[in-house]
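One letter stands for each residue in the lines below.
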Amino acid sequence: KEGSGFAAEIGWYHEIVLDSLSSHVVAWNGGLFLSQKGRNGHMYWNEEIECMDREQMRELQSKRLVDTVKRMYENAPYYRKKMEDIGLVPEDIQSVDDLHKLPFTNKTDLRDNYPFDTFVCPMEDVVRIHASSGTTGKQTVVGYTEQDLKVWAECVARGMAALGVTKKDRVHVS
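This write-up is about the structure you can find in this document. Here the structure is a predicted model, which is why all the values come from computation and not from measurement.

1. A look at unusual backbone geometry
For the bond running from Tyr114 to Pro115, omega is -5°, close enough to zero to count as cis. Topologically, Pro115 is positioned in the loop between helix H4 (107-112) and strand S6 (126-132).

As structure tokens, this is what we get:
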């Protein structure tokens, strides 16, 4: 229904309907979000984050990195072993400046730990699973929590707001 802020998910299709030119309302996976014109008439989904100064952004990214590394180390034996193998403990990661210290995880690692050994949260917190075999035939599996889906929806919404998506637009996500 045009102009209602309604969005329907049918399989892999997401229909996004946005209201008005100056204020956008989007329903995405059942959540309503608001995007408004902000500074200099530009569209922002989350103006506080999108217009944050560089130092604040580094601080936020560093805090999130430290929290993520600690959570991985404490909750996933796979990641703990990978860090221990190079003599790294979570306390060695203090900011984004320490990213180079972290070991890489590649597609082979994901396949070798099939299906769920790289998950950092309990399985009861996983609300969606995506799996793909790519071209090799052995699947890689990624689990998403409710919070992961909210973060993903936020990223998509930011991109759409920045592009000036209107109520006349439809988006196919596959």
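That shown, we press on.
2. Examining the nonpolar core
Counting residues in each nonpolar core, the largest one holds seven residues, listed as Leu65, Val69, Tyr73, Met83, Leu88, Ile93 and Val96. With three residues, helix H2 (residues 54-75) is the largest single contributor of residues to this core. Residues contacting Leu88, with those up to four places away along its chain left out, are Tyr73, Met83, Ile93, Lys101, Leu102 and Pro103.

3. Examining the packing of H2 against helix H3 (residues 77-84)
Interhelical geometry of H2 versus H3 gives an angle of 105° and a closest axis separation of 5 Å. On the basis of the axis angle, H2 is roughly perpendicular to H3. Contacts from Val69, Met72, Tyr73, Glu74 and Asn75 of H2 reach H3 at Pro77, Tyr79, Arg80, Met83 and Glu84. Taken together, the residues that form the contact of H2 with H3 break down as six nonpolar, one polar and three charged.

4. What about the packing of aromatic side chains?
The description of an aromatic ring pair uses the distance of the two centres, along with the angle that the planes make with each other. A complete count under the given rule lists two aromatic pairs for this structure. The interplanar angle of 70° and the centroid separation of 4.8 Å between the aromatic rings of Tyr78 and Tyr79 together place this pair among those described as edge-to-face. In terms of burial, Tyr78 and Tyr79 fall into one category: buried.

What counts, and at which threshold
Residues numbered from 1 in each chain as written. Predicted model: local features only at pLDDT ≥ 70, side-chain atom pairs only at ≥ 80, totals over all residues. Heavy atoms only, no water. Helix = DSSP H or I, 4+ residues; strand = E, 2+ residues; numbered from the N terminus. Core = buried A, V, L, I, M, F, W, Y, C linked by side-chain atoms within 4.5 Å. Buried < 20%, exposed > 50% of the residue type's maximum accessible area, 1.4 Å probe, protein only. Contact = heavy atoms within 4.5 Å. Axes fitted to C-alpha atoms, helices over the stretch in contact; angles between N-to-C directions. Parallel < 35°, antiparallel > 145°, perpendicular 65-115°, else oblique. Nonpolar A, V, L, I, M, F, W, Y, C, P; charged D, E, K, R; others polar. Phe/Tyr/Trp six-rings, centres within 6.5 Å; stacked < 30°, edge-to-face > 60°.

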